[in-house]
Amino acid sequence: MNICIPEKAAYIIEKLEQEGHEAYVVGGCVRDALLRREPEDWDITTSASPFQVKKIFRRTIDTGIQHGTVTVMLEKEGFEVTTYRIDGIYEDGRHPASVEFTSKLEEDLKRRDFTINAMAYNPRTGLVDLFGGQKDLEQGAIRCVGNANERFTEDALRILRAVRFAAQLGFEIEDDTKFAITKLAPNLSKVSQERIQVELTKLLMSKHPEQIRTAYELGVTAVVLPELDAVMNLPQNNPYHCYTVGNHTIAMLEQIYPTKTLRWAALLHDFGKLETHKIDENGEDHFYGHAESSANYAKIVLRRLKFDNDTIDQVSRLVMYHAYHLRREKKIIRRCMNRIGVDLFEDLLEVMRADTMAKSSYQRQERLDDIIAIRNLYKEIIKDNECITLKQLAVNGQDLIRAGIRPGKQMGELLHAMLDYVLEYPEQNQKDILLEKFMTNTDGKKDE
Ligand code: ATP
Ligand code: MG
């Protein structure tokens, strides 16, 4: 089995071998190359100690030297070269708390999580596959290296990684591995939220985000995302829906464009339906106010997972406005753009499109046509540079000071009232018109 590896990686391997060491490309890159997927990076594993690696190559960076990793720089490209090692307990996901170096490749491959991630390759010796990784790649199986119970006990994050790889590759988790997951999923409560965030995001952004269902079925979301379990089987007995909240959410995930913000917004967009659920006298389910409530949940969940503020802000805004009553009317569109922020309006339309696709067919085509028409009107609004924000208002604070208003609360209110007015009547966004209209009305308040 031949793998085509980049020239520079081959050069590093050759150099190490010339100096009497062993060296291989290893892990994710071998898996991806065998699958004919483009690897993200080419990691190299070697019998040479970090000290020896640093002596052989002119430019190196001590990336994780205490764990045996040195980055070798060739021109502008970096390659992580890691000494064969036996791991202690993993703490941050990339580096175990303690390591022991070894001279045996087999020991290094044994510490890796899944058979498909535990292969090494070297152009001279070919593929080293000690645990049946190639067969599992062919059969589409995620299987632990060695005893699944032991491997998940060493590092519970591997549980989530199993589901994440299944989602990225479209694979099935093999039975023993699956069984160990159901048993050990509670251990995920000991894993740091940052590591969970990384894996959940990769799962959501994968080709098969519907595999979040596997995480649910195996008891993984019960630990890392209990808010999903809470709405999974919540019925939505009304004309617009044909699924439970959980199944609707998963259908929407499959529909929505794969950016981090959009996929997270889709996952979280209806979490507030449990606490807003009402059944009317005809037995129909209603969820008034669920968007606001879901936006709250979105913030709670994303903060807990230690997301950055920008992501929390964007996702929660999308969730907050996902049920906004947008119609093919420019003034309604302008108002919505103002509320959610112009930066997110196109994303909001994508959220609405995917949400619609994941509902019953009742009025679906009409709604999809609406969304296309709304997007076109939005583009006209942008092209015509119509006023959506205070920045675009023809009157600013200076103008008001000149007109005798003191900076402060009243000035802010006045500017917002003007903005509110031009959102409705964009052609009125002219200094003299606005001053005339608003200053005569507020004459009495000029001196507070
Ligand atoms: P990708 O980079 O595409 O997310 P990858 O397989 O390269 O996937 P990394 O997290 O970059 O995954 O890790 C590189 C390799 O290190 C893996 O292929 C695996 O062999 C090993 N590895 C990573 N994390 C663990 C872990 N928690 N337990 C055991 N082995 C691990
Ligand atoms: Mg990798």
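No experiment lies behind these values; they were computed from the predicted model shown.

Examining the nonpolar core
- Counting 126 residues, the largest nonpolar core has V25, V220, W264, L326 and F345 as the members making the most contacts within it.
- The element best represented in this core is helix α7 (residues 157-169), accounting for nine residues.
- Setting aside chain neighbours within four positions, we find F345 in contact with L326, I333, C336, M337, I340, I374 and Y378.
- In terms of nonpolar packing, the next biggest core, distinct from the first, is built from seven residues, Y84, L105, L109 and V128 among them.

Re the site of ligand 1
- In the vicinity of ligand 1 there are 15 residues, among which R31, N117, D155, R158 and R164 approach most closely.
- The separation between an oxygen atom of ligand 1 and a polar side-chain atom of R112 is 3.1 Å.
- Contact between ligand 1 and D155: a nitrogen atom at 2.9 Å from a side-chain N or O atom of the residue.
- Within the complex, 85% of the 590 Å² of free accessible area of ligand 1 lies under protein.
- Of all the secondary structure elements, the ones that give two or more residues to the shell around ligand 1 are α2 (28-34) and α7.
- Examining the composition of the shell around ligand 1, we find that four residues originate from one element, α7, more than from any other.
- Considered class by class, the residues forming the shell around ligand 1 number two nonpolar, four polar and nine charged.

Concerning the sheet that holds strand β9 (residues 126-128)
- The sheet built from seven strands is open, its strands ordered β3-β4-β5-β2-β1-β8-β9 with mixed pairing. Only two strands of the sheet have a single neighbouring strand rather than two, namely β3 (60-64) and β9. This sheet shows a mean twist of 35° between the axes of neighbouring strands, independent of strand direction.
- Note that β3 and strand β4 (residues 69-74) share three bridges and pair antiparallel. Bridge pairing in β4 places I61 opposite T71.

A look at the side chain of D155
- Tracing the chain through its elements places D155 in the loop between α6 (148-154) and α7.
- Among the residues examined, D155 registers a relative accessible area of 5% and is labelled buried.
- A polar side-chain atom of D155 sits 3.0 Å from a polar atom in the side chain of R195.

Description of the pattern of salt bridges
- Per the counting criterion, the structure on display carries 38 salt bridges.
- A salt bridge links D313 to R317, with the nearest nitrogen and oxygen atoms 3.0 Å apart. Here D313 pairs with R317, and both are found in helix α17 (residues 309-321), just four residues apart, close to one helical turn.
- By relative accessible area, which is 35% here, D313 ends up partly exposed.
- For R317, a relative accessible area of 18% puts it in the buried group.
- Notably, a salt bridge pairs R327 with E329, separated by 3.2 Å at the nearest N-O pair.
- For R327, a relative accessible area of 47% puts it in the partly exposed group.
- Three or more residues joined by partner-sharing salt bridges are found here, namely R85, D87, D108, R111 and R112.

Looking at helix α19 (residues 345-357)
- Across its 13 residues, α19 extends 19 Å between first and last C-alpha, which sits within 8% of the 18 Å expected from 1.5 Å per residue.
- Those residues of α19 that sit buried are F345, L348, L349, E350, V351, M352, A354, D355 and T356.
- On its buried face, α19 is in contact with α13 (245-255), α14 (260-268), α17, α18 (330-340) and α20 (364-383).

Thresholds applied
Starting from 1, residues in each chain are numbered consecutively following that chain's sequence as written. Chain labels run from A onward and ligand labels from 1 onward, assigned in the order the entries are written. Only residues with pLDDT of at least 70 get local features here, since the model is predicted, and only at 80 or more are side-chain atom pairs given and counted; chain-wide, interface and lining totals rely on the full set of residues. With hydrogens and water stripped out, all remaining heavy atoms of the structure feed into the side-chain values. Nine residue types can take part in a nonpolar core, namely buried Ala, Val, Leu, Ile, Met, Phe, Trp, Tyr and Cys, and a core is a set of them joined through side-chain atoms within 4.5 Å. Classification of residues uses two cut-offs on accessible area relative to the type maximum, computed with a 1.4 Å probe and protein chains only: under 20% is buried, over 50% is exposed, and between them is partly exposed. Numbering of helices and strands starts at the N terminus; helices are DSSP runs of H or I of at least 4 residues and strands are runs of E of at least 2. Whether two residues touch is decided by their heavy atoms; if any such pair falls within 4.5 Å, the residues are in contact. Each residue is tested against the molecule or strand, and it is near if at least one of its non-hydrogen atoms lies within 4 Å. Each polar contact in these results corresponds to two N or O atoms within 3.5 Å; when the atoms are within protein, one needs to be able to donate a hydrogen and the other to accept it, and residues that are neighboring in sequence are counted only if both atoms are side-chain atoms. Exposure was quantified through the Shrake-Rupley algorithm and a 1.4 Å probe, taking into account, for residues, occlusion by the shown protein chains and nothing else. Under the convention adopted here, Pro, Cys and the residues Ala, Val, Leu, Ile, Met, Phe, Trp and Tyr are nonpolar, Asp, Glu, Lys and Arg are charged, and Gly plus all remaining residues are polar. Strand pairing requires that DSSP identify at least two bridges connecting the strands. In this analysis, axes come from line fits to C-alpha atoms, helices being fitted only over the stretch in contact, and the angle between any two N-to-C directions falls in the range 0 to 180 degrees. For this document, the term salt bridge refers to a Lys or Arg side-chain nitrogen within 4 Å of an Asp or Glu carboxyl oxygen. In this scheme, a helix's expected span is set at 1.5 Å multiplied by one less than its residue total.

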